[in-house]
Amino acid sequence: MTNANKRSVPTLFSEKSDIYSHQVRIVLAEKGVAYEIENITPDVISEDLMEVNPRGTIPTLVDRDLVLSNARIIMEYLDERFPHPPLMPVYPVLRAQCRLNMHRIQNDWFTLIDIIDKDPTTEKAKKLLNQLREEILSLGPVFADTQYFLSDDFSLVDCYIAPLLWKMHTLGVEFTGAGSKAIKSYMTRVFKRDSFTQSIGGSAPKHLMDEKE
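Note that the coordinates shown come from a computational prediction; the quantities given were computed from them, not determined experimentally. (Residues numbered from 1 in each chain as written. Predicted model: local features only at pLDDT ≥ 70, side-chain atom pairs only at ≥ 80, totals over all residues. Heavy atoms only, no water.)

The subject of this paragraph is the pairing of strand β2 (residues 36–39). Bridge analysis of strand β1 (residues 11–14) against β2 gives four bridges, and the strand direction is parallel. Paired with Leu12 across the strands is Ile37, a residue of β2. (Pairing = 2+ DSSP bridges. Helix = DSSP H or I, 4+ residues; strand = E, 2+ residues; numbered from the N terminus.)

By secondary structure assignment, the location of Lys31 is in helix α2 (residues 19–31). A relative accessible area of 9% places Lys31 in the buried class. One polar contact links Lys31 to Asp79, side chain to side chain, over a distance of 2.6 Å. What Lys31 contacts, discounting residues up to four positions off in sequence, is Leu78, Asp79, Phe82, Pro83, His84, Pro85, Pro86 and Leu87. (Buried < 20%, exposed > 50% of the residue type's maximum accessible area, 1.4 Å probe, protein only. Polar contact = N/O pair within 3.5 Å; in protein donor to acceptor, adjacent residues only side chain to side chain. Contact = heavy atoms within 4.5 Å.)

Once that is clear, we can look at the sheet that holds strand β4 (residues 66–68). Strand order in the open sheet formed by four strands is β2-β1-β3-β4, and the pairing between neighbours is mixed. Of all strands in the sheet, those bounded by a partner on one side alone are β2 and β4. Adjacent strand axes in the sheet meet at a mean angle of 15°, parallel and antiparallel pairs treated alike. Against the sheet, α2 contacts β1 and β2, and its axis sits at roughly 150° relative to β1. Lying on the sheet, helix α4 (residues 71–81) is in contact with β3 (60–63) and β4; it crosses β3 at an angle near 30°. (Axes fitted to C-alpha atoms, helices over the stretch in contact; angles between N-to-C directions.)

With 55 residues, the main nonpolar core has Leu78, Ile113, Ile136, Leu164, Leu165, Met168 and Phe175 as its most contacted residues. Looking at this core, the elements that each hand over two or more residues are α2, α4, α5 (92–118), α6 (123–137), α8 (156–170) and α9 (180–191). By residue number, the principal contributor to this core is α8, which donates ten residues. Setting aside residues no more than four positions away along its own chain, Leu78 makes contact with Val24, Val27, Leu28, Lys31 and Leu61. (Core = buried A, V, L, I, M, F, W, Y, C linked by side-chain atoms within 4.5 Å.)

The next point concerns α2. In this model α2 runs 19 Å from its N-terminal to its C-terminal C-alpha over 13 residues, within 8% of the 18 Å that 1.5 Å per residue would give. Burial within α2 is extensive, with 13 of its 13 residues counted as buried. Looking at the residues trailing α2, positive phi occurs at Gly32, about 65°. (Expected span 1.5 Å × (residues − 1).)

The subject of this paragraph is unusual backbone geometry. Cis rather than trans, the peptide bond between Ile58 and Pro59 has omega equal to 0°. Summarising the element assignment, Pro59 is placed in the loop between α3 (47–52) and β3. With a phi close to 55°, Arg64 is a non-glycine residue in the positive phi region. Within the secondary structure layout, Arg64 lies in the loop between β3 and β4.

To continue, consider the pattern of salt bridges. Scanning the model with the defined rule gives nine salt bridges in all. Note that Asp117 and Lys167 form a salt bridge whose closest N and O atoms lie 3.4 Å from each other. Note that Asp117 is positioned in helix α5 and Lys167 in helix α8, a separation of 50 residues in sequence. Looking at Lys167, the relative accessible area reads 9%, which means it is buried. (Salt bridge = Lys/Arg side-chain N within 4 Å of Asp/Glu carboxyl O.)

This part covers the packing of α4 against α8. Two elements in contact, α4 and α8, have axes whose closest approach is 11 Å; the angle formed by their N-to-C orientations is 140°. Between α4 and α8, the angle is such that the two are oblique. Remark: the crossing between α4 and α8 carries right-handed chirality. Residues Arg72, Met75 and Glu76 of α4 form the contact with α8, whose own contacting residues are Leu156, Cys159 and Tyr160. For the contact of α4 with α8, the residue count by class is four nonpolar, no polar and two charged. (Parallel < 35°, antiparallel > 145°, perpendicular 65-115°, else oblique. Left-handed = near helix turned anticlockwise from the far one by under 90°. Nonpolar A, V, L, I, M, F, W, Y, C, P; charged D, E, K, R; others polar.)

Here the focus is the pairing of β1. With burial as the criterion, each face of β1 is covered, one bearing Thr11 and Phe13 and the other bearing Leu12 and Ser14. In the sheet, β1 pairs with β3 via three bridges, with the strands oriented antiparallel. Bridging from a neighbouring strand, Thr11 pairs with Val62 of β3.

Dropping the structure here:
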C-alpha cells in the first residue's frame, strides 16, 4: 500500500499541463476540498501512481480505498462526495442536459485538442486548432446568453470548457471578429475565479478584453 492510500485526504495524481487533470483541479478548488497532489512528470514512470493505477493514466484520484482514473467520473464523484457548492443541477432533466453538453464537448472539441496537444507545431495541428477556434466563435451568441455556459450558475460544464479555452490561450489562440467579445468576456470571468487561479497555481491574465476584436 502506498502512502497515497494511507492518507486521510484525497490524493490527486496530476500533470500540470494535462487538460483532464486541469478539469479535476478546478472541481477540487471549487469544493474547497483539502487534498494532496502528486505532480507527474510526462514520460517518467511514477511508482506510486503505478501501484494504485497499473495503467499509469492521469488524472488518478485516490480517496481512501477508492481509486478513480477517468476525469469525467472523478468530477461527478467529487460533486456527489462533497455536495457544497453543487456543480450539477438538482433536477434530473437539467442534470441530463449537463451530461449531454459534457458529452458533446468531449466528442466535438476534446477529440481535436487531444490531437493538437501531441504536437501543436504540425500543419495538421494548426489546421485543427483554427477549426476549433472557428467552432467556438460560432457559439458567441450562446456564450452571451448566460453568465456561464448555458447557465447562470458555474457548473461541471464550465469545468470542461475552461481548461480547453486556457489550453488554446497558452497556444497563442486569439478570438477575434464576430462572437469574440462574448467569448473573451466569458474567459475573463472564469479565469478570474479563485478556483481557476488555484488550478493553474498562479494568476490568470487580466486583459483578455483588451485584445483586438
